[in-house]
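Listed here are the chains, written in short residue letters.
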Amino acid sequence: TRKYWCILAARACSDAAWYFYLFWMPGYFQEARGLSLESVGKLLWIPYLSAGVGALAGAWASSALIRRGLGLDRGRKTVMFISAGLCFAGSWAWLAGDTLLALALVSLALFGHQGWSTNIHTAVTEISPPAYVSILYGITGAAGTLMGAVVQAVVGPVVDRIGYDPAFVGAGCLYIVAVLLLVAAGKIERIRGQRT
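Along each chain, residue indices are assigned from 1 in the same order as the chain's sequence is written. Thresholds applied to this predicted model are a pLDDT of at least 70 for local features of residues and 80 or more for the giving and counting of side-chain atom pairs; totals over whole chains, interfaces and linings are not thresholded and use all residues. Derived side-chain values reflect all non-hydrogen atoms in the structure, with water molecules and hydrogen atoms excluded from consideration.

**Some remarks on the nonpolar core**
Generally speaking, a soluble globular protein has its nonpolar side chains buried in company with each other. By nonpolar core is meant a set of buried Ala, Val, Leu, Ile, Met, Phe, Trp, Tyr and Cys residues that side-chain atoms within 4.5 Å join together. When accessible area is computed with a 1.4 Å probe and restricted to protein chains, residues below 20% of their type maximum are described as buried, those above 50% as exposed, and intermediate ones as partly exposed. Grouped together as the largest cluster of nonpolar side chains are 51 residues, with contacts concentrated most on Ile7, Tyr21, Phe29, Val106, Leu110, Trp116 and Phe168. Taken together, the elements giving at least two residues each to this core come down to helix H1 (2-31), helix H4 (72-90), helix H5 (99-127), helix H6 (133-161) and helix H7 (165-185). Looking at which element gives the most residues to this core, the answer is H1, with 14 residues. Contact between two residues is taken to exist if any of their heavy atoms lie within 4.5 Å; hydrogens are not considered. With near-sequence residues (within four places) excluded, Tyr21 lies in contact with Tyr48, Cys87, Gly90, Ser91, Val106, Ala109, Leu110, Phe168 and Ala171. In this text, helices come from DSSP runs of H or I with a minimum length of four residues, and strands from runs of E with a minimum of two, each type numbered from the N-terminal end.

**Considerations on the packing of H1 against H5**
Relative to each other, H1 and H5 sit at 155°, their axes nearing to 10 Å. For the element pair H1 / H5, the angle class is roughly antiparallel. You can see that H1 and H5 cross each other, and the crossing is left-handed. Any residue outside Ala, Val, Leu, Ile, Met, Phe, Trp, Tyr, Cys, Pro, Asp, Glu, Lys and Arg is labelled polar, Gly included; the first ten of those are nonpolar and the last four are charged. Tallied by class, residues from the contact of H1 with H5 come to 18 nonpolar, 5 polar and 3 charged. To get an axis, a line is fitted to the C-alpha atoms, and for a helix only the part in contact is used. The angle between two axes follows their N-to-C directions and goes from 0 to 180 degrees. Small angles under 35 degrees read as roughly parallel and large ones over 145 as roughly antiparallel, with 65 to 115 read as roughly perpendicular and the rest as oblique. Helix crossings get a hand from a simple test, with the near helix turned counterclockwise from the far one by less than a right angle marking a left-handed crossing and a clockwise turn marking a right-handed one.

**Structural notes on the packing of aromatic side chains**
Aromatic pairing here means that ring centres of Phe, Tyr or Trp (its six-membered ring) are within 6.5 Å. Orientation follows from the plane angle: under 30 degrees is stacked, over 60 is edge-to-face, and everything else is tilted. Inspection of the entire model under this criterion finds 11 aromatic pairs. An angle of 90° between the planes, with centres 5.1 Å apart, marks the rings of Phe20 and Phe168 as edge-to-face. With Phe20 in helix H1 and Phe168 in helix H7, this pair connects stretches of sequence that are 148 residues apart. Taken as a pair, Phe20 and Phe168 share a single burial class, namely buried.

**Some points on the side chain of Lys77**
Counting through the fold element by element, Lys77 comes out in helix H4. Non-local contacts of Lys77, meaning those with residues more than four positions away in its chain, are made with Leu182, Gly186, Lys187 and Ile188.

**Focus: the environment of Thr125**
With respect to the element layout, Thr125 can be found in helix H5. Overall, the relative accessible area of 30% leaves Thr125 in the partly exposed class. Considering only alpha carbons, one finds Thr125 and Glu189, 64 residues apart in sequence, at a separation of 9.8 Å. Definition of a polar contact: a pair of N or O atoms within 3.5 Å, with one able to donate and the other able to accept a hydrogen when the atoms are protein atoms, and with sequence-neighbouring residues admitted only if both atoms are side-chain atoms. There is a polar contact of 2.6 Å between the side chain of Thr125 and the backbone oxygen of Thr122.

**Brief notes about the pattern of salt bridges**
Only one rule defines a salt bridge in this text: a Lys or Arg side-chain nitrogen within 4 Å of an Asp or Glu carboxyl oxygen. Per the counting criterion, the structure on display carries 5 salt bridges. Among the salt bridges present, the one from Glu126 reaches Arg190, with a minimum N-O distance of 3.8 Å. In this pair, Glu126 sits in helix H5 while Arg190 sits in the segment after H7, placing the two residues 64 residues apart along the sequence. It is possible to trace a salt-bridge network through shared partners that takes in Arg76, Glu126 and Arg190.

**Quick word on the confidence of the model for the chain**
For every residue, the pLDDT score states the predictor's confidence, bounded by 0 at the bottom and 100 at the top. In this model, the chain carries an average pLDDT of 94, and 97% of its residues clear a pLDDT of 70 or more. Within the chain, the element-level pLDDT minimum falls on H6, averaging 94, and the maximum on helix H3 (residues 45-70), averaging 97.

**Thoughts on a nonpolar patch on the surface**
A patch consists of residues whose relative accessible area exceeds 30% and which take part in no salt bridge; residues with like charges are grouped when within 9 Å of each other, and nonpolar side chains (Val, Leu, Ile, Met, Phe, Trp, Tyr) when within 5 Å. Using a 1.4 Å probe, the Shrake-Rupley method yields the accessible areas, and only the shown protein chains count as cover for residues. Residues Trp45, Leu49 and Val53 make up a contiguous nonpolar surface patch of roughly 310 Å² in combined accessible area. When you line up the elements, Leu49 lands in helix H3. Owing to a relative accessible area of 49%, Leu49 belongs among the partly exposed residues under this scheme.

So this is what it looks like as structure tokens:
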């Protein structure tokens, strides 16, 4: 369905940004921010801790909103829109004058990504016919990984020729595209008993 393809594409966009942070964050803080390898080792656990907290917070927040009567669609999308906003704000780390502020912004982006991620993963299972949840969920995961791999092939040459700034801007823009795709998907609602 169009709803499924939109959500698949939204996940692929956000996964591509996530892979950018995973693979390029240590290099960014060494090359662009001048941190030693030792300093990177001492500081870069913070964004990953922030990501873990974001995953728990995103799941808790959407569940709380749904329980309070906001409904499945509004509950999930509220958390996802806020999370994507945090990711977009965090992508401005390249402009930060201070390295610790840049670290805080990257941590904000990873917190937001995992808040987004816990909800989009669940949304995939909610919009899929029960008989096909596992295969459709697997396809979205594969699409996200593929998009992440394709983007890495672009990020490398961009970083080599121009620097990290466009890569951060691109990561932020991917969340904007993901939100637009989420809106285009329409209502997130459970499908029960449908087998075709």
